[in-house]
Amino acid sequence: MSGNLKQDGGLFYQSQIFHGARLPRRPRLSGVVVHEPARTIPVFRDCDVLVVGGGPSGTAAAIAAARTGAEVVLLERANHLGGLSTGGLVIWIDRMSDWSGQQIIQGMASDLLDRLPKDAVAGPPRGLWGKADETTAAYWRERTAAFHGIVTWSPTIDPENLKLASQEMVLESNVHLVLHAWGSVPLMEGNRVAGAIFESKEGRMAIRAAVTIDCTGDGDIFHRAGAAAEDDVDTNDIHHCVNTAWMFGGVDMPRWIDFKTARKDDFAAFMERGRGACDGLFERPFVSWRDDVALFMGPRLAGYSAVNVEDQTEVEIRSHRLMARHLDVYRAHAPGFENAFLMLSAPQLGVRHARRLVGLDRVTRDDWPTGAVRPDEIGVSPSLSPKFPNISVPYGCLVPTAMDGLLVAGRAISCDATSHSFLREVPQCWMTGQAAGVAAAMAVAQNVAPRNVAIGRVQNELRRQGAFVRAEASAEA
């Protein structure tokens, strides 16, 4: 068991990395294959921009591309949009404000969150963002919205309302939404991605597109197209761990928070009891958008691959067993949890990292101290600590080094393993998705490869759509 990435001598996140014994596994056959005969695949439709994956980045990419004038198809394997921010129960939307309190992840992030009903969002009011007085920060720290003693815009949201808001914004943008459709294999024309094949209950079909955006999170499309990837991880950070989140209903979170903060010795004894009952794999709850619902991100299990089907299965098995064991401990011993019940386990696995694109440019740890504004900036991310300035995200992070017809958005963008710890978060996925959508649509309109799109025009369109792109970013139009 180890802690998360440290900044300024302390843990940034209140969570732990768990290691432990693996479940027994049956050996796979080795060297045994079957041959699939060639077959004719019907074309479902043609479009300007195909977005594969309807998580935060894919939702933002599809809407942004349509707003820019493209004809867009969005493929999503599940029955809803939002990906980890909804189906994965990552309902704590990480920081969109910087350490001064300025909201720097705007655009699609604001459009989506502003659309939610007031009772579907819980977080500090705008006037408190950036505040650092001890009492205020202590209150919001227990509600996942203050770090390093500073209040930030990091709300928790109702996942069902975010599903609906995402869906309605996509449909209002005239995007062709296709659910229950797993984008599986890229269509290739030489070194150019020309769309993708998807699987559904109808069988295998193809969509041809001028530009395809890989928003699968795990880089499935660019990987299968043959684009270069990195998969190294920072083992000191949770970004390589896999988990299944869950929620308990029937709780009293203010009472729990009072126990945790006012009775520290009792709280420590409770956590020790829980670790003993759960073989060390014991998690504390987070607040949600309601005081009667507790969010558990689930023990962050290290050593599993997000692209290995048996690893995925084992994480689910272990997590569901742990969910039941947590409920027993919390109901018996935790103030505020006496009447708790199993409310929901995430239908989507909590994956932070699988593959990262090798792109024309990347964000690295060396960029953190300088805060330099990239000429091709398409967004700005808050840094992990007040000692670092904001981080400029360049367009080159979305563009493969040697493949045309393709952009990548979301947690698989080009960066080093350490910078991935924050560039994978939901707001950053909205940000890079919106940029990819605008760039894809403009590449189609300009009849150029995405790598050759006029970045100045992309930046201007992003600003028009409400995204935060600084004036110092001065790429030529």
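Everything below is about the structure printed above this text.
A short tour of the structure in this document, coming up.

The rules behind these values
Residues numbered from 1 in each chain as written. Predicted model: local features only at pLDDT ≥ 70, side-chain atom pairs only at ≥ 80, totals over all residues. Heavy atoms only, no water. Salt bridge = Lys/Arg side-chain N within 4 Å of Asp/Glu carboxyl O. Buried < 20%, exposed > 50% of the residue type's maximum accessible area, 1.4 Å probe, protein only. Helix = DSSP H or I, 4+ residues; strand = E, 2+ residues; numbered from the N terminus. Pairing = 2+ DSSP bridges. Right-handed = clockwise from strand over helix to strand, strands pointing away. 1 Å grid on protein atoms, 1.4 Å probe; cavity = no way out; pocket = protein on both sides within 12 Å on 5 of 7 lines; lining within 4 Å. Points joined across faces, edges and corners; volume = space filled by probe spheres on them. Nonpolar A, V, L, I, M, F, W, Y, C, P; charged D, E, K, R; others polar. Contact = heavy atoms within 4.5 Å. Axes fitted to C-alpha atoms, helices over the stretch in contact; angles between N-to-C directions. Phe/Tyr/Trp six-rings, centres within 6.5 Å; stacked < 30°, edge-to-face > 60°. Core = buried A, V, L, I, M, F, W, Y, C linked by side-chain atoms within 4.5 Å. Disulfide = S-S within 2.5 Å.

## A short note on the pattern of salt bridges
- Scanning the entire structure with this criterion turns up 33 salt bridges.
- Taking the shortest distance from any N to any O, the salt bridge between E199 and R204 comes out at 2.7 Å.
- A relative accessible area of 28% places E199 in the partly exposed class.
- R325 serves as the salt-bridge partner of D279, at 3.2 Å between the closest nitrogen and oxygen. Of the two residues, D279 is situated in the loop between helix 7 (264-277) and strand 17 (286-287) and R325 in helix 8 (residues 309-333); the sequence distance between them amounts to 46 residues.
- On the basis of relative accessible area, R325 is assigned to the partly exposed category, the value being 31%.
- One network of salt bridges, with partners in common, ties together R22, R25, D311 and E314.

## Some remarks on the pairing of strand 5 (residues 72-75)
- Both faces of strand 5 are covered, namely the face carrying V72 and L74 and the face carrying V73 and L75.
- Pairing of strand 4 (residues 43-52) with strand 5 involves 4 bridges; the strand directions are parallel. What sits directly across from V51, in strand 5, is L74.
- As for the winding sense of the linkage, the β-α-β connection from strand 4 through helix 1 (residues 56-67) to strand 5 is right-handed.
- With 3 bridges connecting them, strand 5 and strand 10 (residues 176-178) associate as parallel partners.

## Focus: empty space enclosed by the protein
- For the structure shown, the criterion picks out 2 cavities of 30 Å³ or more.
- In this structure, the second largest cavity occupies an estimated 60 Å³ of space.
- Around the second largest cavity, the lining residues are I104, I105, Q106, I378, G379, V380, M431, Q434, A435, L462, A467 and F468.
- At the level of elements, strand 23 (377-381) and helix 10 (426-446) are the ones that each hand at least two residues to the lining of the second largest cavity.
- Looking at the lining of the second largest cavity residue by residue, the classes come out as 9 nonpolar, 3 polar and no charged.

## Here we look at the sheet that holds strand 20 (residues 341-345)
- Strand order in this open sheet of 4 strands is 17-18-16-20, and the pairing throughout is antiparallel. Because the sheet does not close on itself, it has two edges, and the strands there are strand 17 and strand 20.
- Two strands pair when backbone bridges link them, and strand 16 (residues 246-249) and strand 18 (residues 293-296) are joined in this way by 4 bridges, in the antiparallel orientation. Looking at strand 18, one finds that F248 is bridged to A294.
- Sheet strands touched by helix 8: strand 16, strand 18 and strand 20. Its angle to strand 16, the strand with the most contacts, is close to 30 degrees.

## Focus: the packing of aromatic side chains
- Going through the model one piece at a time under the given rule, you end up with 23 aromatic pairs.
- For the pair W256 and Y330, a centre-to-centre distance of 5.6 Å together with 55 degrees between the ring planes defines the contact as tilted. Pair noted here: W256 is in helix 6 (residues 253-262) and Y330 is in helix 8, with a separation of 74 residues, a long-range link.
- The buried category is assigned to Y330, whose relative accessible area is 0%.
- When the centroid spacing of 6.3 Å and the interplanar angle of 80 degrees are considered together, the rings of F259 and F270 count as edge-to-face. Placement of the pair is F259 in helix 6 and F270 in helix 7, with a sequence separation of 11 residues. Of the two residues, F259 and F270, both sit in the buried class.
- Clustering of aromatic rings is evident, with ring pairs tying together W246, F248, W256, F259, F267, F270, F282, F296, Y330 and F337.

## Points about the nonpolar core
- Of all hydrophobic cores here, the largest spans 85 residues; its most connected members are V51, V72, I213, Y395, L398, L407 and W430.
- Of the residues forming this core, the biggest block, 11 residues, is contributed by helix 10.
- In terms of nonpolar packing, the next biggest core, distinct from the first, is built from 33 residues, V242, W256, L301 and A306 among them.

## As for helix 11 (residues 455-464)
- Among the residues of helix 11, those classed as buried are I455, G456, V458, Q459, E461 and L462.
- Buried residues along helix 11 sit in contact with helix 1, strand 23 and helix 10.
- Directly after helix 11, the chain includes G466, whose backbone phi takes a positive value near 95 degrees.

## Regarding the state of the cysteines
- As enumerated under the stated definition, the model contains 0 disulfides in all.
- Sulfur of C241: no disulfide; nearest cysteine sulfur belongs to C415 and is 17 Å away.
- Assessed through its relative accessible area of 1%, C241 is described here as buried.

## A closer look at the side chain of Q348
- Within the secondary structure, Q348 is located in the loop between strand 20 and strand 21 (350-351).
- Accessibility expressed as a relative area gives 16% for Q348, which makes it buried.
- Apart from the residues within four sequence positions on either side, Q348 is in contact with R77, G83, L84, G87 and G88.

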